[in-house]
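Fold and contact review
Each chain, letter by letter, is given below.
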Amino acid sequence: FWLCYFGVLLIGVGLLLKNNILFISQLYILFIPDLIWFIDFISYLLRDGNSYFGIVDYFFLPAPLLTKFVTLQHIFTIPLALFLSYKFVGKNKGALIFSFLQLIFFFFITKYFTSSGDNINCVYRFCGGFGFGLGSSWYPFVWIGGGFLMIFLAYIFLNSLHGIWKGVKENV
């Protein structure tokens, strides 16, 4: 049920079906969380095992090699998707709305089918070593609101990037 793994699958399906909404919506959802994961991963490597946020600490615990390999998708998913999105990215409010709806769906489906001990998709509490002192009654609102904010910021950034690419393409 991890949203990031499901997102990678949907990026692939979106590419195969040439479905702009499916492909771009996953970029909107994954862009900032994967960027944060990557920054935390690099910080762990550069700071002698001390990550900034504590999000990637699980990666460095003993676990099967296959699990670690699959987890590394956080590093290459967004750069690869950005490379492939050259033709796809554009102002697409359908993808933005689909991103919001998918985020809400995943929040509730994760809460229903998983336990708080696993904290899948960080729906029960903040992942990593920070929590901002918020009580659990406010957390669902913070999770959904934070998710919406990250999606909207990714939407703005990726559409700005598309504008740059479009200008470069026209000048070539």
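Right, let's walk through the structure included here. (Residues numbered from 1 in each chain as written. Predicted model: local features only at pLDDT ≥ 70, side-chain atom pairs only at ≥ 80, totals over all residues. Heavy atoms only, no water.)

What follows deals with the packing of helix 1 (residues 3-17) against helix 4 (residues 73-84). The relative placement of two packed helices comes down to the angle between their axes together with the axis-to-axis distance. Look at helix 1 against helix 4: their axes get within 11 Å of each other, and the N-to-C directions meet at 25 degrees. Classified by the angle between their axes, helix 1 and helix 4 sit roughly parallel to one another. The two elements helix 1 and helix 4 meet at a crossing, and its hand is left-handed. Between helix 1 and helix 4, the contacting residues are Cys-4, Tyr-5, Val-8, Ile-11 and Leu-15 on the first element and Gln-73, His-74, Thr-77, Ala-81 and Leu-84 on the second. A per-class count over the contact of helix 1 with helix 4 returns seven nonpolar, three polar and no charged. (Axes fitted to C-alpha atoms, helices over the stretch in contact; angles between N-to-C directions. Helix = DSSP H or I, 4+ residues; strand = E, 2+ residues; numbered from the N terminus. Parallel < 35°, antiparallel > 145°, perpendicular 65-115°, else oblique. Left-handed = near helix turned anticlockwise from the far one by under 90°. Contact = heavy atoms within 4.5 Å. Nonpolar A, V, L, I, M, F, W, Y, C, P; charged D, E, K, R; others polar.)

We now examine the packing of aromatic side chains. Within the structure shown, the criterion is met by 18 aromatic pairs. With a centroid separation of 5.5 Å and an interplanar angle of 25 degrees, the aromatic rings of Phe-41 and Phe-60 are classed as stacked. With Phe-41 in helix 2 (residues 20-46) and Phe-60 in the loop between helix 2 and helix 3 (65-71), the pair connects residues that are 19 residues apart, well separated along the chain. According to the relative accessible area criterion, Phe-41 is buried, its value standing at 8%. (Phe/Tyr/Trp six-rings, centres within 6.5 Å; stacked < 30°, edge-to-face > 60°. Buried < 20%, exposed > 50% of the residue type's maximum accessible area, 1.4 Å probe, protein only.)

Take a nonpolar patch on the surface next. A surface patch of nonpolar side chains, amounting to about 370 Å² of accessible area, comprises Leu-35, Phe-38, Ile-39 and Tyr-52. Looking at where Phe-38 falls in the secondary structure, it is placed in helix 2. (Patch = residues over 30% accessible without salt bridge, like charges linked within 9 Å, V, L, I, M, F, W, Y side chains within 5 Å. Areas by Shrake-Rupley, 256 points an atom, 1.4 Å probe, with all protein chains shown as cover. Salt bridge = Lys/Arg side-chain N within 4 Å of Asp/Glu carboxyl O.)

Evaluation of the coordinates by the stated rule reveals one disulfide. Here Cys-122 connects covalently by a disulfide to Cys-127, the sulfurs 1.5 Å from one another. The chirality of the disulfide connecting Cys-122 with Cys-127 is left-handed, given an S-S dihedral of about -100 degrees. In this structure Cys-122 comes out as buried when scored by relative accessible area, which is 16%. Considering cysteine sulfurs only, Cys-122 is the nearest to Cys-4, which forms no disulfide, with 9.2 Å between them. Exposure remark for Cys-4: the relative accessible area of 10% places this residue in the buried category. (Disulfide = S-S within 2.5 Å.)

In this section: the side chain of Asn-119. Residue placement: Asn-119 occurs in the loop between helix 5 (93-113) and helix 6 (139-171). A distance of 3.0 Å separates a polar atom in the side chain of Asn-119 from the backbone nitrogen of Tyr-124. A polar side-chain atom of Asn-119 sits 3.1 Å from the main-chain carbonyl oxygen of Arg-125. Those residues in contact with Asn-119 that sit more than four places away from it in its chain are Trp-2, Tyr-124, Arg-125, Phe-126 and Cys-127. (Polar contact = N/O pair within 3.5 Å; in protein donor to acceptor, adjacent residues only side chain to side chain.)

Right, let's get into the nonpolar core. Grouped burial of nonpolar side chains is what soluble globular proteins tend to show. Residues Leu-27, Tyr-28, Phe-31, Trp-143, Ile-151 and Leu-158 are the most contacted members of the largest nonpolar core, which totals 32 residues. Counting only elements with at least two residues in this core, the list comes to helix 1, helix 2, helix 4, helix 5 and helix 6. Look past the residues within four positions of Phe-31 in its chain and what remains in contact with it is Ile-78, Leu-82, Ala-154, Phe-157 and Leu-158. Among the nonpolar cores identified, the runner-up in size contains five residues, and Trp-37, Phe-41, Tyr-44 and Val-56 belong to it. (Core = buried A, V, L, I, M, F, W, Y, C linked by side-chain atoms within 4.5 Å.)

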